[in-house]
Structure formats: C-alpha cells, structure tokens
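Residues per chain are reported as follows:
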Amino acid sequence: MILYYYLTSHHHYARPMYLLEVLEVRRSICYVLYSILGIALPALRTARAISERNSELMKEQLTYWTVLSILGMIELLCGLLRLYQNTAPEFRVMLILWLTQPEWGGSLQIYTLFIRPVFEVYEDDIDKSVEKYRGKFWTLVLRQLKKLAWHIAFEEEDGIVAGLMAFLGQDHRIPVIL
C-alpha cells in the first residue's frame with residue numbers, strides 16, 4: 001500500500017529516492033538469498049556427499065560448482081563490460097534455484113549443453129593456454145604483492161614502520177634497507 005502511494009502520489013521529489021531505497025532492499029535480500037541458496041546450502045550438500053562417499057551426489061555437486069564458476073566468470077566479464085546493469089536481482093536467485101534443485105537439473109543441463117561440448121573441442125588448447133599463462137600470472141601476482149607489502153610497511157607517512165616510530169616517539173624517516 002505504501003509503495004502504491006509513493007508510486008502514484010504527486011510528490012515527484014520523493015519518488016526517485018524511495019525507488020532507490022526499494023531497489024537497494026531488493027538487492028540486499030537477493031544477495032542474502034543467493035548466498036544461502038547458491039553457496040551455503042550447496043557447500044553443505046557437497047560436504048555431505050564427501051562424508052557419505054556418495055559418488056552420484058558428488059558428481060551432481062561437482063557439476064553445480066563447475067557451472068557456478070563459469071557463470072561467475074561470465075558475470076564478472078559482463079559486469080566489466082556493463083552488459084547487464086539493469087538486470088533484476090531476482091533473476092540471479094531464480095537462476096540459482098534452477099541450478100541447485102536436483103529435480104530440475106539446471107546445472108546438469110547447462111553442463112551437458114554448453115560446457116562439455118566446448119571443453120571436448122578445446123581441451124588441448126585450454127590446457128596449453130593454462131600452462132603458458134600460469135607462470136606469467138603468478139609472477140605478476142607475486143610482484144604486485146611485494147609492492148603492496150612494501151607500501152604497507154614502509155610508506156613514509158602511513159606505513160607500519162612510520163606508525164611504530166611515531167608511536168615510540170622516534171624520527172620515522174630513517175632509511176630502511178631490505
């Protein structure tokens with residue numbers, strides 16, 4: 001009733017702010033549902049499959065996690081390219097419900113129709129690319145982590161060493177040699 005009042009009232013100045021708040025509440029609720037239905041419950045199902053050594057349930061869960069990972073990469077790419085900004089947050093929840101329910105078999109359908117055929121055709125190319133870029137990727141990651149650690153520790157004004165020296169009441173601009 002309140003939503004109807006705000007949507008139909010003549011107070012145009014109040015409507016956009018209220019709609020943004022409603023959208024944020026919808027997004028928050030959908031995020032919680034996605035986290036529970038798409039991450040927590042499948043993780044529990046996976047743990048149960050492993051502890052019971054149920055190979056059929058393990059296969060089902062492995063298929064789900066594979067599909068979810070690939071959809072996550074696609075979602076990340078689409079987000080970077082701003083391709084789905086106006087998608088309803090409820091769509092993700094419905095997709096997760098379809099993927100997680102064994103009686104609907106959504107993850108098995110996506111795996112069988114899309115992922116497995118691509119993987120069968122390009123498996124060798126994927127393996128070669130992974131091997132080719134794995135070393136370069138980790139070298140880049142480690143280089144960036146070293147830079148980050150250096151800045152966190154030894155930044156002149158905000159670093160950990162500067163904070164300790166200031167705390168101890170000493171001049172924190174002493175040269176540090178690593």
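What this report covers is the structure whose coordinates are included nearby. Counting restarts for each chain, with residues numbered from 1 along the sequence as it is written. Restriction of local features to residues with pLDDT of at least 70 applies here, the model being predicted, together with a cutoff of 80 or more for giving and counting side-chain atom pairs; totals for whole chains, interfaces and linings are based on all residues. Processing note: side-chain calculations cover all non-hydrogen atoms of the structure and skip hydrogens and water entirely.

1. Re the packing of aromatic side chains
And then number 1: Centre distance within 6.5 Å is the pairing criterion for rings of Phe, Tyr and Trp, where only the six-membered ring of Trp is used; planes under 30 degrees apart are then read as stacked, over 60 as edge-to-face, and the remainder as tilted. Per the stated rule, a full pass over the model turns up 2 aromatic pairs.
And then number 2: Centroid distance Y64 to W65: 5.2 Å. Interplanar angle 70°. Geometry classified as edge-to-face.
And then number 3: For the exposure calls, accessible area comes from a 1.4 Å probe over protein chains only, and a residue counts as buried if that area is under 20% of its type's maximum, exposed if over 50%, partly exposed in between. Since its relative accessible area comes to 2%, Y64 is described here as buried.
And then number 4: Seen from their ring centres, F137 and W138 are 5.1 Å apart, and the 75° between their planes marks the pair as edge-to-face.
And then number 5: As a reminder, the over-ring test applies to NZ of lysine and CZ of arginine, requiring each to be within 6 Å of the ring centre and within 35 degrees of the ring normal. We note R92 situated over the ring of Y34; from NZ or CZ to the ring centre the distance is 3.8 Å.

2. Quick word on unusual backbone geometry
And then number 1: The backbone phi angle of R53 is positive, close to 55°, even though this residue is not glycine.
And then number 2: When you line up the elements, R53 lands in the loop between α2 (15-52) and α3 (55-80). Here a helix means four or more residues in a row that DSSP labels H or I, a strand means two or more in a row labelled E, and each is numbered from the N terminus.

3. Let's talk about the pattern of salt bridges
Charged atoms that come close allow side chains of opposite charge to pair.
And then number 1: Just to be clear on terms, a salt bridge is a Lys or Arg side-chain nitrogen sitting within 4 Å of an Asp or Glu carboxyl oxygen. One pass over the full model with this rule turns up 4 salt bridges.
And then number 2: A salt bridge links R92 to E75, with the nearest nitrogen and oxygen atoms 3.1 Å apart. One end of the pair, R92, is in helix α4 (residues 89-100); the other, E75, is in helix α3, with 17 residues separating them in the sequence.
And then number 3: Taking relative accessible area as the criterion, E75 reaches 24% and is therefore assigned partly exposed.
And then number 4: The salt bridge partner of R134 is E131, with a shortest N-O separation of 3.2 Å. In this pair, R134 and E131 both sit in helix α5 (residues 106-154), 3 residues apart, roughly one turn of the helix.
And then number 5: For R134, a relative accessible area of 42% translates into the label partly exposed.

4. Notes on α3
Every α-helix winds through 3.6 residues per turn, so residues three or four apart in the chain are directed the same way.
And then number 1: End to end, α3 covers 37 Å across 26 residues, agreeing with the expected 38 Å (1.5 Å per residue, within 8%).
And then number 2: Within α3, burial applies to L57, Q61, T63, Y64, V67 and L68.
And then number 3: The N-cap of α3, judged by a side-chain oxygen 3.2 Å from the amide nitrogen of E56 a few residues on, is N54.
And then number 4: The first or second residue beyond α3 is R82, which carries a positive phi of 55°. Multiplying 1.5 Å by the residue count of a helix minus one yields the expected span of that helix. Each polar contact in these results corresponds to two N or O atoms within 3.5 Å; when the atoms are within protein, one needs to be able to donate a hydrogen and the other to accept it, and residues that are neighboring in sequence are counted only if both atoms are side-chain atoms.

5. Some details on the nonpolar core
And then number 1: Here the nonpolar core consists of buried residues drawn from Ala, Val, Leu, Ile, Met, Phe, Trp, Tyr and Cys, with membership extended through side-chain atoms lying within 4.5 Å. Core analysis: the biggest nonpolar cluster contains 8 residues, these being Y34, Y64, V67, L68, I96, L99, I110 and I115.
And then number 2: Top contributing element to this core by residue count: α3, with 3 residues.
And then number 3: In what follows, a contact means two residues having at least one pair of non-hydrogen atoms within 4.5 Å. In contact with Y64, other than residues within four places in its own chain, are G38, P42, I96, L99, T100 and S107.

6. Some details on the side chain of T100
And then number 1: Position of T100 relative to the elements: it lies in helix α4.
And then number 2: Classification of T100 as buried rests on a relative accessible area of 6%.
And then number 3: Of the polar contacts made by the side chain of T100, one reaches the backbone oxygen of I96; its length is 2.8 Å.
And then number 4: At 3.4 Å, the side chain of T100 and the backbone oxygen of L97 are in polar contact.
And then number 5: Apart from residues lying up to four places away in sequence, T100 is in contact with L37, P42, R45 and Y64.

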